[in-house]
Amino acid sequence: MAVTKGLEGVIATTSSISSIIDDSLAYVGYDIDVLAEQSSFEEVIYLLWHQKLPNDTELAKLKQELADNAELPVSLIEQMKLMPLNKVHPMAVLRSTVSLLGAYDESADVMDSETNYLKAVRLQAKMPTIVTAFSRLRKGLDPISPRKDLGFAANFLYMLNGQEPEDIAIEAFNKALVLHADHELNASTFTARVCVATLSDVYSGITSAIGALKGPLHGGANEAVMKMLTEIGSIDNVEPYIREKIAKKEKIMGFGHRVYRKGDPRAKHLKEMARKLTQLTGEPQLYEMSIKIETMLKEEKNLVPNVDFFSASVYHSLGIDHDLFTPIFAVSRVSGWLAHILEQYENNRLIRPRADYVGPERLEYVPVNKR
């Protein structure tokens, strides 16, 4: 039995949601470059869930559904307050709160297509509210209710800071949401599909996906990038810092990717937003350090940035706490997770791979009193 470590290169299912072909990413056939520059995140949600771009009426309906379902139950917020909010990682709070949401939904175990779609809407709508409520609660502030007159990206930034964001902030955050929405059969998406393939409910599938995204080899890279930039501190420290990392053969987060060989097609979009935002916030050194790191790793190791590298500077420039970077990833990626969950339900088969056993065989049992 042939074994592929990490399932690298193994085709585990068919899907019509997103594709990675020749280092190009597309959602339902639309190139990511076009979507990143021209599409709203709400359009991308619709595209992933319906396999087509919405017309004006369809988009307005989805926006209204998201707005109508964004509020959190008051009792759920009270339960969040009971968590040790300043002692655990935000992803642990997000995972537990999403799991709790399932207990608030009387239709959680109803499995017809229409009901599962409504659950998808509720989850997509509430994810930003959960993350922003957590952010404020741990600072001793009251959560801010979502506004129905703001788009998805603007509403998140408003609920986070209590102020209507500027256009460039909305553009940057919308772009980040679009770029992170789906990525074929990544670890968290595969986890979600494995979970619901047992015919478990949507909430269980998303909770499982969040658990997988929590790991630093998947969702935590941009938080680690910001930690690295903070440690470096100035442009003069870049070269000795990176050379020491290379000499010690330590992983430099935000570079390289399992499925891309020539480079992550998403990175360039956030690179440009990072340049603009760091100039506006008076921290151009973050961008300058990033460029120097990019140049060194290309020359020394032939490594190029992935989407996480420049998203760190973007989120920092938007005033977002560094440990919220991965939960924000989840706010976007839940759109893809839900698309894959709905697709899995439509043509389900239990996902049950085999393992190549390499342990001892035919051992003779010895009673406990003779061991």
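Refer to the structure presented above.
Residues numbered from 1 in each chain as written. Predicted model: local features only at pLDDT ≥ 70, side-chain atom pairs only at ≥ 80, totals over all residues. Heavy atoms only, no water.

**Student:** Requested: an account of the overall build of the protein chain, with residues and values cited.
**Tutor:** From N to C terminus, the protein chain includes 16 helices and 3 strands. Over its C-alpha atoms the protein chain spans a radius of gyration of 22 Å, differing by no more than 12% from the 21 Å that the globule rule assigns to 371 residues. Principal axes of the C-alpha set define a box for the protein chain whose edges measure 70 × 55 × 45 Å. Relative to its full complement of 371 residues, the protein chain shows a buried share of 50%. Of the contacts formed within the protein chain by residues at least 6 apart in sequence, a portion of 75% connects residues at least 24 apart. Only carbon and sulfur atoms are counted for the fraction: they give 51% of the accessible area of the protein chain, which is about 18200 Å². Charge separation in the protein chain, taken as the distance between the mean sites of 42 positive and 49 negative side-chain charges, equals 7 Å. (Helix = DSSP H or I, 4+ residues; strand = E, 2+ residues; numbered from the N terminus. Rg over C-alpha atoms; globule rule 2.2 N^0.38 Å. Buried < 20%, exposed > 50% of the residue type's maximum accessible area, 1.4 Å probe, protein only. Contact = heavy atoms within 4.5 Å. Areas by Shrake-Rupley, 256 points an atom, 1.4 Å probe, with all protein chains shown as cover. Lys, Arg positive; Asp, Glu negative; His and termini not counted. Charge placed at Lys NZ, Arg CZ, Asp CG, Glu CD.)

**Student:** How would you summarise the pairing of strand S1 (residues 18-21) if you had to cite specific residues and measurements?
**Tutor:** Side chains Ser18 and Ile20 project from S1 onto a buried face, and the interleaved Ser19 and Ile21 project onto a face without burial. Alignment of S1 against strand S2 (residues 24-27), held across 4 bridges, turns out to be antiparallel. Note that in S2 the partner of Ile20 across the bridge is Leu25. Linkage of S1 to S2, two consecutive antiparallel strands, is achieved through a turn of 2 residues, within which Asp22 is found at a positive phi near 50°. (Pairing = 2+ DSSP bridges.)

**Student:** So what's going on with helix H12 (residues 238-247)? Which residues, and what values?
**Tutor:** What sets the pattern is the α-helix's 3.6 residues per turn: residues three or four places apart point alike. Taken as a whole, H12 has its buried residues at Val238, Tyr241, Ile242 and Lys245. What you see down the axis of H12 is that its buried residues fit within an arc of 90°, all on one side. Summarising the contacts, the buried residues of H12 are in contact with helix H11 (221-232) and helix H14 (284-301). (Arc of directions from axis to C-beta.)

**Student:** Account for helix H7 (residues 152-161), with residues named and values stated.
**Tutor:** Counted residue by residue, H7 has 9 buried out of 10 residues, so it is predominantly covered. Among all positions in H7, only Phe152, Ala153, Ala154, Asn155, Phe156, Leu157, Tyr158, Met159 and Leu160 are buried. In this structure, the buried residues of H7 make contact with helix H2 (41-50), helix H3 (56-68), helix H6 (113-137), helix H8 (167-180) and helix H16 (325-346). Two residues or fewer past H7, Gly162 is found with a positive phi of approximately 80°.

**Student:** I'd like a description of the sheet that holds S2, backed by residues and values.
**Tutor:** Strands sit in the order S1-S2-S3 across an open sheet of 3 strands; the sheet is antiparallel. This sheet does not close on itself; its edge strands, each paired only once, are S1 and strand S3 (30-31).

**Student:** Go over the packing of H14 against helix H15 (residues 307-317) with me, naming the residues and quoting the values.
**Tutor:** For the pair H14 and H15, the least separation of the axes is 11 Å and the interaxial angle reads 175°. For the element pair H14 / H15, the angle class is roughly antiparallel. Residue-level inspection shows Leu286, Tyr287, Ser290, Ile291, Ile293 and Glu294 of H14 in contact with H15, the latter providing Phe309, Phe310, Ser313 and His316. (Axes fitted to C-alpha atoms, helices over the stretch in contact; angles between N-to-C directions. Parallel < 35°, antiparallel > 145°, perpendicular 65-115°, else oblique.)

**Student:** Quick one: what's the story with the packing of H12 against H14, residue by residue and with numbers?
**Tutor:** Between H12 and H14, the least distance of the axes is 10 Å, while the angle of their chain directions is 40°. If you check the angle between H12 and H14, you find them oblique. Here H12 runs over H14; the crossing is right-handed. Contacts between H12 and H14 involve Val238, Glu239, Ile242, Arg243 and Ile246 from the first element and Met289, Lys292, Ile293, Met296, Leu297, Glu300 and Lys301 from the second. For the contact of H12 with H14, the residue count by class is 7 nonpolar, no polar and 5 charged. (Left-handed = near helix turned anticlockwise from the far one by under 90°. Nonpolar A, V, L, I, M, F, W, Y, C, P; charged D, E, K, R; others polar.)

**Student:** Describe the packing of aromatic side chains, and please don't skip the residues or the numbers.
**Tutor:** Tallied over the full model, the rule gives 8 aromatic pairs. Three or more aromatic residues joined by ring pairs make a cluster, and in this case those are Phe156, Phe173, Tyr315 and Phe325. (Phe/Tyr/Trp six-rings, centres within 6.5 Å; stacked < 30°, edge-to-face > 60°.)

**Student:** Break down the nonpolar core for me, citing the residues and quoting the values.
**Tutor:** Note that soluble globular proteins tend to have their nonpolar side chains buried in a common cluster. Core analysis: the largest hydrophobic core is formed by 106 residues, its most contacted members being Trp49, Phe173, Ile206, Ile293 and Ile320. By residue number, the principal contributor to this core is H16, which donates 12 residues. Residue contacts for Ile206: discarding those within four places in its chain leaves Val98, Leu123, Val334, Trp337, Leu338 and Ile341. Within the second largest apolar cluster, 5 residues are counted, among which are Ile144, Leu150, Tyr158 and Met159. (Core = buried A, V, L, I, M, F, W, Y, C linked by side-chain atoms within 4.5 Å.)

**Student:** Which residues make up the pairing of S2, and what values do they have?
**Tutor:** Where S2 meets S3, 2 bridges bridge the pair, whose relative direction is antiparallel. Note that in S3 the partner of Tyr27 across the bridge is Tyr30.

**Student:** So what about the side chain of Ser188? Which residues, and what values?
**Tutor:** Along the polypeptide, Ser188 turns up in helix H9 (residues 187-196). Note on Ser188: relative accessible area 0%, which makes it buried. Within the local environment of Ser188, its side chain forms a polar contact with the side chain of Trp337, the two groups lying 2.9 Å apart. (Polar contact = N/O pair within 3.5 Å; in protein donor to acceptor, adjacent residues only side chain to side chain.)

**Student:** Could you give an account of the environment of Ser18, with specific residues and numbers?
**Tutor:** Summarising the element assignment, Ser18 is placed in strand S1. Counting along the chain gives 292 residues from Ser18 to Phe310, while the straight-line C-alpha distance between them is 22 Å. Residues contacting Ser18, with those up to four places away along its chain left out, are Ala26, Tyr27, Val28, Asp182, His183 and Glu184. A distance of 2.5 Å separates polar atoms of two side chains, one belonging to Ser18 and the other to Asp182. Side-chain polar atoms of Ser18 contact the backbone nitrogen of Glu184, separated by 2.8 Å.

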